[in-house]
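Each chain is listed here by its residues.
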Amino acid sequence: MTLPFAIIAGLTVGSAIAAMSLRNLVHCALSLVLTFAGLAGLYLQLNAEFVGFTQILVYVGAVSILIVFAILLTRSTEPKDEPTTVTPWVGISVAVGAFLTMALAVLASPVGKRIAAPAPEVSVKTLGQKLMTDYVLPLEVMALLLTAAMLGAVIIAMKDKEGSR
Amino acid sequence: MAELFAKLDQFPVTLKAWLMNLLQGFLPEWTLPLVSAAISITPILAVFPLMFALTTVIERKGLGRIQNRIGPNRVGIPLTNIRLFGFGQFIADGIKSLIKEDVVPRAADKVVHFLAPIALLIPVLLTYSVLPFGKNMVPLDLPQTGLLFFFAVGASTELSVFMAGWSSRNKYSLLGAMRAVAQMVSYEIPLILSSLTVVMITGTLSLTAIVESQATVHFGFLHNWHLFTPWGLVGFFLFLTAAAAEANRTPFDLPEAESEIIAGYFTEYSGFKFAIFFLAEYLGLFAMCGLGITLFLGGWLPPVNIAPFTWIPSWCWFLGKLSALIVLFIWLRGTLPRLRTDQLMGFAWKFLLPMTLINLVVAALWHLLANNIPLVARWPLGFAMLAVPYWLLGRSFEAKFTKREYRFAN
Amino acid sequence: MLGTGILKGMVETAKNFAGSYHDPERLTTVEYPEQRIASKENARQFPFLVHDTEDPMQGLRCVACQICEKECPPQCIYIVKSKDKRADYKGQMQLYPVTFDIDLSVCMSCQICVEVCPFEAIKMDTEFELSNTDRFGGLLVNKHQLAKSNEHYRKIHPTEAAVSDDALAIEVAKAKAKAKADVEAKAKAAADAKAKAEAAAAAAPVGVAATAPVPKPSAPAAAPAAAPAA
Ligand code: SF4
Ligand code: SF4
């Protein structure tokens, strides 16, 4: 474990915890953005430049804006004083269970053993070619999904306007 | 002769190599990368803030002249009568903002309020790290992801703007931040799509490689700047428009429209924090201009491949083009009024976005037909394919503007 | 076509830019502390007190009637009347202001004090560089600072000053005529009285001569009025 990894991991986990436990929703969102940035840092550490920067572009640049807008437009950002009534134990046990399952699956799979082999330099060109040949179906499905989501959003927004007339 | 100029051209690079050689002797091994980075950063931190400082004065003088005023011409060397045409103004302004009281609203979210200017300035400065300022002069060469890095880091400024607006607990700040974020998100799309044409043609995201791809020569003297192709010409202007919006420049300066929302998201900032916002805004504009130069204006390449032009050092070409673009932006600021929010959004989604998409198609055709159709036919064809939609889209806009009726003022 | 308007506008601003360097018609800026333009005749900033003689304090036209003090809308004039009297420009005995202060920070340059003054004693100055480093004492202008000669008034507001001078000249002429008339009237009255007295003396017995001092009180009263006029 190198020092940069320790710093980035600590930052990521710390901000993730802050995102869960802070009282002010906007603060939570901002901590979550820090988590996204930390994840991007981890990707960069793994020499996955493209994924790392895309993570920043999409998550820090766009998704975070989405989140804060959603918070601002839906409810008050005032921190509430009453304590949370739900005990955290259910959530924690679910999270630990999920993590254990995933960790075991990763350890059991052959992916974990291949780690010693030097990773090939993945250029953007190869990424693009793969997306356009081998993985064209998932890409198209995703595009369809996003288009459908966008259309749905537009329709909801339009209805709203007509109703207010 | 030419060799001397080549030496001058590479002077910053040789200077750095010489410094590193010198330091290697007595610095421990592990500090060397850090020292090298520091040496690369220093000129950026020296040149561009200085350029910002000079731009503030030149902008005020230029705007003054455009409005038939004189503009600042008083502050020179203190305690003397030497006035330097007012170019001491930026030092006075800097000192003023340094020693002014830093007022933080009582209701503000102190931590976020404090962090916002920093979170704005850092990404803006980071964008400079991938720009090639001259031949062999790029602080951080990312052969796979240069352009992506620029946009990724640039996109994170939106959040800082939001932080500033939200934490101030001021409705004007929040309105300004909302406007800024909506505008930046909307104009980011045409910005990226118009740069994508260049990536498509050159097949690389590395900014250095993009500059080098423009080094080929036409007709024996003309460099193959992307500006000289129909898609590049149109793409450049689309890029500039989107860049102006991204950098909150007139006519897209709604987030800080003084007449409507005081100063937008930095209404509640004073003293040096305000200066940082100001600095970050201008540095963001310069970085955008630098990217435009790299993508379309041949980066540090001279326009023609003839002796007196090639003698001028490459970084001078870069800075010269940057200054020209800054002058253009000042000129535009002195000319155009501010748009309305719905006009702004409509322009982004109904005009810029379709134009950039058509431009992408034209660029693809340009690339694919390169071997089939000669240049003389390809150029007018490509241009017509862009001019017709431009005219049609523009006509629909104009029809809307001319039909405007005033209820009371006739 | 979309964009032509922008280009037209840019040509216009470029013309402005270039024109401002060679066309003085465009660049109308006056770089103030070094360059100045003569102030307009109708300019008004702050009142001053007019005096006629060499010594400003002796020749102040103001008679401390306090009309301006009462009329000044923001109440920035403060006057203390004198106990004694002195002769004014037309020789009439008048009070004079011992203190005459105007608060520069309160005065709103409305010129009402000038309009109401019946003695042409207070006028508006065109001096505008009135800033001061002392924000308390320095902004309270006393009568020594306020006093300015009639020549100054003639210089800054020639038309108005001519009207004012004419009005004063008429006053002086009237005063002279009145004095002259007084003298004549008194002479006549004295002659009449004398004639009457003589007639009475001739008619009445000597013992009744005690009634003779009757015209006496009128004589001293007329004398001072006639004396300065002479
Ligand atoms: S100009 Fe107006 S405000 Fe000033 S002293 Fe005269 S009456 Fe008062
Ligand atoms: S300035 Fe005129 S109105 Fe005022 S007290 Fe003197 S004489 Fe009277």
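Only a predicted model underlies this, so the values are computations on that prediction, with no experimental measurement involved.

S.K.: Just to check I follow, could you spell out the overall build of chain A for this structure?
M.R.: Scanning chain A from terminus to terminus reveals 6 helices and 0 strands. For chain A, long-range pairs separated by at least 24 residues make up 52% of all intrachain contacts whose partners lie at least 6 apart in sequence. Entry remark: accessible area of chain A is about 12,300 Å², with carbon and sulfur atoms responsible for 75%.

S.K.: I tried to follow the overall build of chain B on my own but got confused; where do I start?
M.R.: When you go through chain B residue by residue, the secondary structure sums to 16 helices and 2 strands. Taking 2.2 N^0.38 as the reference for a compact globule, 410 residues should give roughly 22 Å; the C-alpha atoms of chain B span a radius of gyration of 23 Å, in line with that estimate. Expressed as lengths along the three principal axes of its C-alpha atoms, the size of chain B is roughly 70 × 65 × 45 Å. The burial tally for chain B puts 52% of its 410 residues in the buried class. Sequence-distant contacts in chain B: of pairs separated by 6 or more residues, those separated by 24 or more amount to 75%. Total accessible area on chain B is roughly 19,200 Å²; 72% of this is exposed by carbon and sulfur atoms.

S.K.: Quick question: what am I supposed to make of the interface of chain A and chain B here?
M.R.: Accessible area lost upon the coming together of the parts serves often as the stated size of an interface. Residue-level contacts link 25 residues of chain A with 24 residues of chain B. Counting the surface lost from both chain A and chain B, the interface buries some 2,100 Å², and carbon and sulfur atoms represent 78% of this. The tally of links between chain A and chain B comes to 0 salt bridges. For the side of chain A that touches chain B, the elements supplying multiple residues, two or more each, are helix H2 (25-45), helix H3 (49-74) and helix H5 (124-132) of chain A. The dominant element in the side of chain A that touches chain B, judged by the number of residues it contributes, is H3(A), at 13 residues.

S.K.: I'm lost on the interface of chain B and chain C in this one. Help?
M.R.: At the junction of the two partners, chain B supplies 21 residues and chain C supplies 18 residues. The contact between chain B and chain C buries some 1,800 Å² in all, and 62% of this surface belongs to carbon and sulfur atoms. Among the ionic pairs, Arg74(B) bridges to Glu34(C), the shortest N-O distance being 3.1 Å. Between the two partners, chain B and chain C, sit 8 residue pairs in polar contact (both at pLDDT 80 or more). Looking at the side of chain B that touches chain C, the elements with two or more residues in it are helix H3 (32-66), helix H14 (314-335) and helix H16 (375-402) of chain B. Its residues assigned to classes, the side of chain B that touches chain C comprises 10 nonpolar, 6 polar and 5 charged.

S.K.: So what exactly am I meant to see when it comes to the sheet that holds strand S7 (residues 140-141) of chain C here?
M.R.: Strands pair in a sheet through their backbones, by hydrogen bonds, and they do so in one of two ways: parallel or antiparallel. Residue and element names in this part refer to chain C. Taken in spatial order, the 3 strands make up an open sheet running S2-S5-S7, and their pairing is antiparallel. Every interior strand has two partners, whereas the edge strands, strand S2 (77-81) and S7, have only one. Inspection of the sheet shows S2 paired to strand S5 (residues 97-103) by 5 bridges, in the antiparallel sense. Among the inter-strand pairings, valine 80 is bridged to a residue of S5, identified as threonine 99.

S.K.: Help me understand the site of ligand 1 in this model?
M.R.: The full set close to ligand 1 counts 13 residues, and Cys72(C), Cys107(C), Cys110(C), Gln111(C) and Cys113(C) are the nearest of them. Taken together, the residues that form the shell around ligand 1 break down as 11 nonpolar, 2 polar and no charged.

S.K.: Would you explain the sheet that holds strand S1 (residues 46-51) of chain C in this entry?
M.R.: All names here are of chain C. Spatial ordering of the open sheet is given by S6-S1-S8, a layout of 3 strands whose pairing is mixed. The open sheet terminates on both sides in strands that have one partner only, identified here as strand S6 (122-125) and strand S8 (147-149). Mean inter-strand twist for the sheet, computed between neighbouring axes without regard to direction, equals 55°. The pairing of S1 with S8 spans 3 bridges and is parallel. Among the inter-strand pairings, histidine 51 is bridged to a residue of S8, identified as serine 149.

S.K.: Hey, could you run me through the nonpolar core in this one?
M.R.: Note on soluble globular proteins: their nonpolar side chains tend to be buried together. Counting residues in each nonpolar core, the largest one holds 116 residues, and the members touching the most others are Phe48(B), Tyr128(B), Tyr187(B), Phe286(B), Leu291(B) and Leu295(B). A per-element tally of this core places helix H12 (residues 271-296) of chain B first, with 15 residues. The residues touching Tyr187(B), leaving out its near neighbours within four places in the chain, are Ala242(B), Ala245(B), Glu246(B), Phe252(B), Leu344(B), Phe347(B), Ala348(B) and Leu352(B). Counting residues in hydrophobic clusters, the runner-up holds 25 residues, among them Cys72(C), Ile77(C), Val114(C) and Cys117(C).

S.K.: What should I look at first to understand the site of ligand 2 in this one?
M.R.: Looking at ligand 2, the residues that line it are Cys62(C), Val63(C), Ala64(C), Cys65(C), Gln66(C), Ile67(C), Cys68(C), Ile79(C), Phe100(C), Cys117(C), Phe119(C) and Ile122(C). Taken together, the residues of the shell around ligand 2 sort by class into 11 nonpolar, 1 polar and no charged.

S.K.: Explain the packing of aromatic side chains here, please?
M.R.: What describes a pair of aromatic rings is the distance from one ring centre to the other and the angle between the planes of the rings. On inspection of all chains with the given rule, the structure shows 28 aromatic pairs over all chains. Taken together, a centroid distance of 5.0 Å and an interplanar angle of 80° make the contact between Phe53(A) and Phe149(B) edge-to-face. Residue Phe53(A) is found in helix H3, and its partner Phe149(B) is found in helix H6 (residues 146-155); the two belong to separate chains. The two residues Phe53(A) and Phe149(B) agree in class, both being buried. Note on Phe266(B) and Phe274(B): the rings are 5.3 Å apart at their centroids and 75° apart in plane angle, and the pair reads as edge-to-face. Classification of Phe274(B) as partly exposed rests on a relative accessible area of 30%.

S.K.: Teacher, can you tell me more about the packing of H3(B) against H14(B) here?
M.R.: Residue and element names in this part refer to chain B. Viewed as axis vectors pointing N to C, H3 and H14 meet at an angle of 40°, and their least axial separation amounts to 10 Å. Once H3 is placed against H14, the crossing between them reads as right-handed. Counted together, Val47, Phe48, Met51, Thr55, Ile58, Glu59, Leu63 and Ile66 of H3 and Leu319, Leu322, Ser323, Ile326, Ile330, Trp331, Arg333 and Gly334 of H14 form the full contact between these two elements. A per-class count over the contact of H3 with H14 returns 11 nonpolar, 3 polar and 2 charged.

S.K.: What should I look at first to understand the environment of Glu120(C) in this one?
M.R.: All names here are of chain C. Here glutamate 120 lies in the loop between helix H3 (112-116) and S6. The spacing of glutamate 120 and serine 164 is 44 residues in sequence and 6.7 Å in space, taken between C-alpha atoms. Excluding residues within four positions of it along the chain, glutamate 120 makes contact with Val50, Arg61, Ser164, Ala167 and Leu168. Of note is the side chain of glutamate 120, whose polar atom sits 3.2 Å from the side chain of serine 164.

S.K.: I would appreciate a short explanation of the environment of Pro24(C) in the present structure.
M.R.: Among the secondary structure elements, Pro24(C) is positioned in the loop between helix H1 (4-22) and S1. Along the chain, Pro24(C) and Leu7(C) lie 17 residues apart, while their C-alpha atoms are 26 Å from each other.

S.K.: Quick question: what am I supposed to make of the arrangement of the chains here?
M.R.: Inter-chain contacts occur across 2 pairs of chains; the most extensive set of contacts lies between chains A and B. There is a clear gap between chain A and chain C: no contact, and 29 Å between their nearest C-alpha atoms.

S.K.: What is the right way to look at the packing of H3(A) against helix H8 (residues 171-202) of chain B in this model?
M.R.: When two helices pack together, their arrangement is captured by the angle between the axes and the distance separating the axes. Relative orientation of the contacting elements H3(A) and H8(B) amounts to 140°, with a least axis distance of 12 Å. Taken as axis vectors, H3(A) and H8(B) run oblique relative to one another. The two elements H3(A) and H8(B) cross, and the hand of that crossing is left-handed. Residues Leu57(A), Ile65(A), Phe69(A) and Leu72(A) of H3(A) pack against Leu174(B), Met178(B), Val181(B), Val185(B) and Glu188(B) of H8(B). The residue inventory of the contact of H3(A) with H8(B), partitioned by class, reads 8 nonpolar, no polar and 1 charged.

S.K.: Help me understand the domain arrangement of chain A in this model?
M.R.: Each assigned domain of chain A is listed here: domain 1 (1-75) and domain 2 (121-165). Inter-centroid distance (C-alpha atoms) of domain 1 of chain A to domain 2 of chain A is 23 Å.

S.K.: Is there a simple way to think about the pattern of salt bridges in this case?
M.R.: Side-chain pairs of opposite charge can arise whenever the charged atoms involved come near each other. Residues and elements named next belong to chain C. Taken as a whole and judged by the stated rule, the model has 17 salt bridges over all chains. In this structure, the salt-bridge partner of lysine 123 is glutamate 120, at a minimum N-O distance of 2.9 Å. Residue classification places lysine 123 among the buried residues on the basis of a relative accessible area of 7%.

S.K.: Whenever I open this one, a nonpolar patch on the surface confuses me. Can you help?
M.R.: Among the surface-exposed residues, Val111(B), Phe114(B), Leu115(B), Ile118(B), Ile122(B) and Leu126(B) lie close enough to one another that they form a single nonpolar patch of about 530 Å² accessible area. Structurally, Leu115(B) can be placed in helix H5 (residues 110-127).

The rules we used
Counting restarts for each chain: residues are numbered from 1 in the order of the written sequence. Key to labels: chains lettered from A, ligands numbered from 1, both in the order written. It should be noted that, the model being predicted, local features are given only for residues of pLDDT at least 70 and side-chain atom pairs only at 80 or more, the latter also being counted only at that level, while totals for whole chains, interfaces and linings use all residues. Side-chain metrics rest on all non-hydrogen atoms present in the structure, leaving aside hydrogens and water. Going along the chain from the N terminus, every DSSP run of H or I of four or more residues is numbered as a helix, and every run of E of two or more is numbered as a strand. Any two residues whose heavy atoms approach within 4.5 Å are treated as being in contact. Accessible surface area values rest on a Shrake-Rupley calculation with a 1.4 Å probe, where residue burial reflects the displayed protein chains alone. Atoms counted for the radius of gyration: C-alpha only. Globule rule: 2.2 Å times the number of residues to the power 0.38. Partly exposed residues are those whose accessible area sits between 20% and 50% of the maximum for their type, while under 20% is buried and over 50% is exposed, using a 1.4 Å probe and protein chains only. By buried area we mean how much accessible surface two parts lose on assembly, using a 1.4 Å probe and totalling the loss over both. A side-chain nitrogen of Lys or Arg and a carboxyl oxygen of Asp or Glu constitute a salt bridge if their distance falls within 4 Å. Residues adjacent in sequence count toward polar contacts only when both atoms are side-chain atoms; beyond that, a polar contact is any pair of N or O atoms within 3.5 Å, and within protein one must be able to donate a hydrogen and the other to accept it. Under the grouping applied here, Gly and all other residues not named as nonpolar or charged are polar, the nonpolar ones being Ala, Val, Leu, Ile, Met, Phe, Trp, Tyr, Cys and Pro and the charged ones Asp, Glu, Lys and Arg. Strands qualify as paired when DSSP identifies two bridges or more between them. What makes a residue near a molecule or strand is one non-hydrogen atom of that residue sitting within 4 Å of it. Every axis in this analysis is a line fitted to C-alpha atoms, fitted for helices over the stretch in contact. Angles between the N-to-C directions lie between 0 and 180 degrees. Put simply, a nonpolar core is a bunch of buried Ala, Val, Leu, Ile, Met, Phe, Trp, Tyr and Cys residues held in one set by side-chain atoms that sit within 4.5 Å of each other. Aromatic pairing here means that ring centres of Phe, Tyr or Trp (its six-membered ring) are within 6.5 Å. Orientation follows from the plane angle: under 30 degrees is stacked, over 60 is edge-to-face, and everything else is tilted. Two helices that cross are described as forming a left-handed crossing if the nearer one is turned anticlockwise from the farther one by less than a right angle, and a right-handed crossing if clockwise. Any angle that is under 35 degrees is reported as roughly parallel, and any over 145 degrees as roughly antiparallel; angles of 65 to 115 degrees are reported as roughly perpendicular and all others as oblique. Here the bounds of each domain stem from an automatic or database domain assignment. To count toward a patch, a residue needs a relative accessible area over 30% and no salt bridge; like charges are then connected within 9 Å, while nonpolar side chains (Val, Leu, Ile, Met, Phe, Trp, Tyr) are connected within 5 Å.

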